[in-house]
Each structure stands twice: as C-alpha cells, then as structure tokens.
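# Residue-level structural notes
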Amino acid sequence: PLPHFRRYMCQQVSCGDNHALVVVQRGGTAFLWSLQLCDGDHPKPSLVWLPENQKAAQIACGGDYSLVVTDAGNLYAWGNNAFGNLGTVSTENATAPVLVNYFVRRTRKRPGGSELRDRERIVAVAAGSK
C-alpha cells in the first residue's frame, strides 16, 4: 500500500512515460504522480484540480500528456501538445487541465443574446504515446 492512499480505494490507474494518474473512489478525486514532483527518489502525488468542482470519472495517460473525463461528461487534457494530442486548436503545451471543445455539437443563442453550447457527453478516453 502507498502511504498517501491508506484512506482511499483506487478506482483506476493510468501510466505515461514519466507520470501516472490515479482516480480514487472517494468523490472521484484524481491524483498525479510526476518525476518533476519528486521528494528525494520518490514522486509525491499532487491533486488534479478540475474546473467547476467536476470529479474524474475516467483517465488516460499518453507518453507525456494526460486526459480526464469528468462525471459531467466533459473531456480535459494537459501536458505536451507538440503533436496536437490535447485536441485543442493550438499546439501549445498546457500545464493545467483545459476543456477540449472539439465535441461541441452546436451553439445556439439564448434569449438575451448569450450562447448555449450543446456538448456530446464523453464516456471514455484512451491515449497513445504521442
């Protein structure tokens, strides 16, 4: 057992080249281990902050990027984006989770002029090395 997780039951684990993600059953919280977050020889877990109090439902690690599907059905990505693997409109790297807007079905106007975006509900995700 890992000392950081004695109180938690692991729901899912995913590993990349130099990092790993773990989702625990207690509230869908996600933790990240990275070689950049080391305490001596041992990486320490850090909490993954998802926007709008969303909880991690499913995770995937690529070689050097991460993907999280939330309980609301949104897809967030962060890490190396040199090959466009984050699904954003640019190839800039992201140091924190960013919403992948690729799955917006349509945008419509609300009364008063504000936009309402209908989004496909994401249920699973997978990642490759690049």
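Look up: the structure comes first, before these words.
Residues numbered from 1 in each chain as written. Predicted model: local features only at pLDDT ≥ 70, side-chain atom pairs only at ≥ 80, totals over all residues. Heavy atoms only, no water.

## Digging into the side chain of Ser-66
Position of Ser-66 relative to the elements: it lies in strand S8 (residues 65–70). Within the structure, the side chain of Ser-66 is placed 3.0 Å from the side chain of His-19, a separation counted as a polar contact. Leaving out residues up to four positions away in the same chain, Ser-66 has contacts with His-19, Leu-21, Ala-60, Cys-61, Tyr-76, Ala-77 and Trp-78. (Helix = DSSP H or I, 4+ residues; strand = E, 2+ residues; numbered from the N terminus. Polar contact = N/O pair within 3.5 Å; in protein donor to acceptor, adjacent residues only side chain to side chain. Contact = heavy atoms within 4.5 Å.)

## A few points about the sheet that holds strand S9 (residues 75–79)
As summarised here, the arrangement of the four strands in space is S7-S8-S9-S10, forming an open sheet in which the pairing is antiparallel. Looking along the sheet, the strands with just one partner apiece sit at the ends: strand S7 (56–61) and strand S10 (94–99). Here the strands of the sheet are splayed against their neighbours by 15 degrees on average, with no regard to which way each runs. As judged from the five bridges shared by S8 and S9, these two strands associate in the antiparallel manner. Bridge pairing links Ser-66 to Trp-78 in S9. (Pairing = 2+ DSSP bridges. Axes fitted to C-alpha atoms, helices over the stretch in contact; angles between N-to-C directions.)

## Brief notes about the nonpolar core
Membership of the largest hydrophobic core comes to 22 residues, with the highest contact counts inside it found for Leu-21, Val-48, Leu-67, Val-68, Leu-75 and Trp-78. Breaking this core down by element, the ones donating at least two residues are strand S2 (19–24), strand S3 (29–34), S7, S8 and S9. Apart from residues no more than four positions distant in its own chain, Leu-67 is found in contact with Leu-21, Gln-58, Ile-59, Ala-60, Leu-75, Tyr-76, Ala-77, Val-125, Ala-126 and Ala-127. (Core = buried A, V, L, I, M, F, W, Y, C linked by side-chain atoms within 4.5 Å. Buried < 20%, exposed > 50% of the residue type's maximum accessible area, 1.4 Å probe, protein only.)

## Some details on the environment of Val-98
Relative to the assigned elements, Val-98 resides in strand S10. Placed 11 residues apart in sequence, Val-98 and Gly-87 show a C-alpha to C-alpha distance of 9.8 Å. Ignoring anything within four residues of it in the chain, the contact list for Val-98 reads Leu-75, Tyr-76, Ala-77 and Thr-88.

## Observations regarding the layout of surface pockets
In this structure, the second largest pocket encloses a volume near 180 Å³. Lining the second largest pocket, in full, are Gly-28, Thr-29, Ala-30, Leu-47, Val-48, Trp-49, Leu-50, Asn-53, Gln-54, Lys-55 and Ala-56. Considering only residue class, the lining of the second largest pocket consists of six nonpolar, four polar and one charged. (1 Å grid on protein atoms, 1.4 Å probe; cavity = no way out; pocket = protein on both sides within 12 Å on 5 of 7 lines; lining within 4 Å. Points joined across faces, edges and corners; volume = space filled by probe spheres on them. Nonpolar A, V, L, I, M, F, W, Y, C, P; charged D, E, K, R; others polar.)

## Brief notes about the environment of Gly-28
With respect to the element layout, Gly-28 can be found in the loop between S2 and S3. Classification of Gly-28 as buried rests on a relative accessible area of 11%. Taking the C-alpha atoms as reference points, Gly-28 and Gln-11, separated by 17 residues in sequence, lie 8.4 Å from one another. In contact with Gly-28, not counting residues within four places along its chain, are Val-23, Lys-55 and Ala-56.

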